[in-house]
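Single-letter residue listing:
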Amino acid sequence: MVIAGPAVVVVAGFTTLWLAVRTPDPVIAEDYYRRGIEINRTLSAQEQRGLAPAMQGRNHAMTPAKDLPAH
């Protein structure tokens, strides 16, 4: 029992090392920043066209009809 705990930790450490060496880290695109800016522009354009953001829609899902603003 005394050696079982440390032995499990050693085996887990070698397993983690094996996984780290075997699976490479993903490579990000060179133009990741530009892609992010384009995504933000798209989302901003959708909001301007009247699509409510998820949090706003969720927060107003339970608002009573009498408290909603007139359209």
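Attention now goes to the overall build of the chain. A count of helical and extended segments in the chain gives three helices and zero strands. Secondary structure of the chain in N-to-C order comes out as α-α-α.

Together, Val10, Phe14, Leu17 and Val21 give the surface a local cluster of nonpolar side chains, amounting to about 430 Å² of exposed area. With respect to the element layout, Leu17 can be found in helix α1 (residues 4-22).

Pairing is possible between side chains that carry opposite charge, provided their charged atoms lie close to one another. Summed over all chains, the structure comprises three salt bridges. One salt bridge connects Arg35 with Asp31, and the closest N-O pair in it is separated by 3.2 Å. By relative accessible area, Arg35 is classed as partly exposed at 48%. Accessibility expressed as a relative area gives 25% for Asp31, which makes it partly exposed. Residues Glu38 and Arg41 are paired through a salt bridge, measuring 3.0 Å at the closest nitrogen-oxygen approach. Of this pair, Glu38 and Arg41 both sit in helix α2 (residues 32-48), three residues apart, which is roughly one turn of the helix. Among the ionic contacts, a cluster of salt bridges with common partners joins Asp31, Arg34 and Arg35.

How each quantity is defined
- Residues numbered from 1 in each chain as written.
- Predicted model: local features only at pLDDT ≥ 70, side-chain atom pairs only at ≥ 80, totals over all residues.
- Heavy atoms only, no water.
- Helix = DSSP H or I, 4+ residues; strand = E, 2+ residues; numbered from the N terminus.
- Patch = residues over 30% accessible without salt bridge, like charges linked within 9 Å, V, L, I, M, F, W, Y side chains within 5 Å.
- Areas by Shrake-Rupley, 256 points an atom, 1.4 Å probe, with all protein chains shown as cover.
- Salt bridge = Lys/Arg side-chain N within 4 Å of Asp/Glu carboxyl O.
- Buried < 20%, exposed > 50% of the residue type's maximum accessible area, 1.4 Å probe, protein only.

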